[in-house]
Amino acid sequence: MAAAAGLVVANNYYSQPLLASFATYFGVSQKAAGTVAVAAQAGYAIGLFLFVPLGDKIERRHLICLMLGLASIALVAMALSPTLPWLVAASLIVALVSVTPQLLTPFAAHLAGPDERGKAVGTVMFGLLCGILLSRTVSGFIGAHFGWQAVYWMGAAIMIGLIVVLSRMLPRDEPGFKGSYGELMKSLWTLYRTEPVIRETSAIGALQFAAFSGFWTTLSFHLAAMPQHYGSDVAGTFGLVGVVGASVAPYAGKFTDKRDPSFAVMVSCFVFVLAYLVFGFGGETMTALIAGVILLDFAAQCGHVSNMTRNIGLSPATMSRANTLYMSIRFAGGALGSALGSWAWSLWQWHGVCATGVILALLAVLVQRLAQRAARLKISIG
């Protein structure tokens, strides 16, 4: 499941190192070619909302294989793209149906059982993060040596291979929701309104992902502004550094199994603050930037895995819908963080970005403290 999550999520990131190749091939500006990557992000957000809830309604193994089949067709369409608008549309569809990792995560947690739920979530998350971080390296290499079309032919072949493997390895898992699709979607609001844990984890996840995205959005600006005037090649290597921080995801999951997941989330908030303090006071040196990136990825994965573990543990019948709400709100927070990071950079440069990251992390602490206070008040009144 971890390997499948990484291989599928890579579909959304193959395009990023290939944007210059798209511009040259289709004879368009780099700005126009960039819409391919934008379409991928938009498609993934839409797919999270439209398709992930179906994990509570449709037998999960069948749904996963169906989504993989659709993804393979869309990847072939990208490889055969005759024009840029065709490529943009195909990129959106690829991302739209490449939400399998968000179906696999609650499935893995359900199969693992309550005692190892956090470990299962952490393991799948580690595979997903490796897919995100390494997909750019693989895509860039294949694109440079065999052409950008080869990347998408490869992706389509991988999806077909996953269908064969997962259809045989995954067990059947009958869904608990028996209503219509419309009723399923309406139940999202009911679930959000009635489950304070989902509201808490979603708000914290959005703030933490905002702090995370603010850094990565402005890193290339900061590197270029340093005396050495580092380029995009150096910025790209920080993705590999991030693998070190991401590797803690399985251990974060084990930690949440042994301790209260809320405690792990609180720890992650303060590690976010520590990471941005390292960036702020030592961000002019590569050593401090590397150390800060490791801390930042550690914090992001510890908080993310712990939040997901809390959501998935609410009810087996609502796991996919809880994941939909959490991931959609978290994704919106990431978009907000990118905007805030760019805004802070334009006004106050690197120290403004670092201050914004600290504020976002402390707001996440405040949200958790208020949620804990509300829970205690409810218990005392009851």
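So, here's what we can say about the structure. (Residues numbered from 1 in each chain as written. Predicted model: local features only at pLDDT ≥ 70, side-chain atom pairs only at ≥ 80, totals over all residues. Heavy atoms only, no water.)

**Considering helix α10 (residues 181-194)**
Between the first and last C-alpha of α10 there are 20 Å, a value that for 14 residues agrees with the 20 Å anticipated at 1.5 Å per step. Where α10 is concerned, the buried positions are L184, M185, S187, L188 and L191. (Helix = DSSP H or I, 4+ residues; strand = E, 2+ residues; numbered from the N terminus. Expected span 1.5 Å × (residues − 1). Buried < 20%, exposed > 50% of the residue type's maximum accessible area, 1.4 Å probe, protein only.)

**Considerations on the packing of helix α14 (residues 261-282) against helix α15 (residues 286-312)**
Put simply, α14 and α15 touch, their axes get as near as 8 Å, and they point 160° apart. Taken together, the axis directions place α14 and α15 in an arrangement best described as roughly antiparallel. Considering the relative orientation of α14 and α15, their crossing is left-handed. Its residues assigned to classes, the contact of α14 with α15 comprises 19 nonpolar, 7 polar and 1 charged. (Axes fitted to C-alpha atoms, helices over the stretch in contact; angles between N-to-C directions. Parallel < 35°, antiparallel > 145°, perpendicular 65-115°, else oblique. Left-handed = near helix turned anticlockwise from the far one by under 90°. Nonpolar A, V, L, I, M, F, W, Y, C, P; charged D, E, K, R; others polar.)

**Here we look at a nonpolar patch on the surface**
A cluster of nonpolar side chains, namely I46, F49, L50 and Y181, defines an oily patch on the protein surface of about 330 Å² accessible area. Summarising the element assignment, F49 is placed in helix α4 (residues 35-51). On the basis of relative accessibility, which here comes to 41%, the residue F49 falls in the partly exposed class. (Patch = residues over 30% accessible without salt bridge, like charges linked within 9 Å, V, L, I, M, F, W, Y side chains within 5 Å. Areas by Shrake-Rupley, 256 points an atom, 1.4 Å probe, with all protein chains shown as cover. Salt bridge = Lys/Arg side-chain N within 4 Å of Asp/Glu carboxyl O.)

**Re the pattern of salt bridges**
All chains considered together, the criterion is met by 4 salt bridges. R60 is paired through a salt bridge with D56; the nearest N and O atoms lie 3.5 Å apart. Accessibility assignment for this pair places R60 and D56 in one class, buried. Close ionic contact of E200 with R310 constitutes a salt bridge, the shortest N to O distance being 3.0 Å. Of this pair, E200 sits in helix α11 (residues 196-225) while R310 sits in helix α15; the two residues are 110 residues apart in sequence, bridging distant segments of the chain.

**Side note on the nonpolar core**
The tendency in soluble globular proteins is for nonpolar side chains to be buried as a group. In this structure, F22, I64, L87 and Y152 are the most contacted members of the largest nonpolar core, which totals 63 residues. Ranked by residues supplied to this core, first place goes to helix α5 (residues 60-79) with 9 residues. Setting aside residues up to four positions removed in sequence, I64 forms contacts with T100, L103, L104, F107, L166 and L170. Formed by 36 residues, the second largest nonpolar core is a distinct cluster that contains V271, L296, V353 and V358. (Core = buried A, V, L, I, M, F, W, Y, C linked by side-chain atoms within 4.5 Å. Contact = heavy atoms within 4.5 Å.)

**What to know about the packing of aromatic side chains**
As enumerated under the stated definition, the model contains 13 aromatic pairs in all. For the pair F26 and W148, a centre-to-centre distance of 5.9 Å together with 50° between the ring planes defines the contact as tilted. Placement of F26 in helix α2 (residues 19-26) and of W148 in helix α9 (residues 148-169) is noted, with a sequence separation of 122 residues between them. Both residues of the pair, F26 and W148, count as buried. Among the aromatic residues, ring-to-ring pairing joins Y14, F22, Y25, F26, W148 and Y152 into one connected group. The side chain of R330 reaches across the aromatic face of F209, ending 4.1 Å from its centre. (Phe/Tyr/Trp six-rings, centres within 6.5 Å; stacked < 30°, edge-to-face > 60°. Lys NZ or Arg CZ within 6 Å of the ring centre and 35° of its normal.)

**Some points on the environment of T100**
Relative to the assigned elements, T100 resides in helix α7 (residues 100-112). C-alpha separation for the pair T100 and L48, spaced 52 residues apart in sequence, amounts to 9.4 Å.

**With respect to the environment of S213**
Here S213 is to be found in helix α11. Through-space distance from the C-alpha of S213 to that of R168 is 37 Å; in sequence the pair is 45 residues apart. Residue contacts for S213: discarding those within four places in its chain leaves G334, G337 and S338.

**Things to note about the state of the cysteines**
Taken as a whole and judged by the stated rule, the model has 0 disulfides. Considering cysteine sulfurs only, C302 is the nearest to C130, which forms no disulfide, with 17 Å between them. Judged by relative accessible area, C130 falls into the buried class, the value being 17%. (Disulfide = S-S within 2.5 Å.)

**Looking at the packing of α2 against α9**
It is at 10 Å that the axes of α2 and α9 come closest, and there the two elements cross at 120°. Classified by the interaxial angle, the pair formed by α2 and α9 is oblique. Residue-level inspection shows S21, F22, Y25 and F26 of α2 in contact with α9, the latter providing W148, Q149 and Y152. Partitioning the contact of α2 with α9 into residue classes produces 5 nonpolar, 2 polar and no charged.

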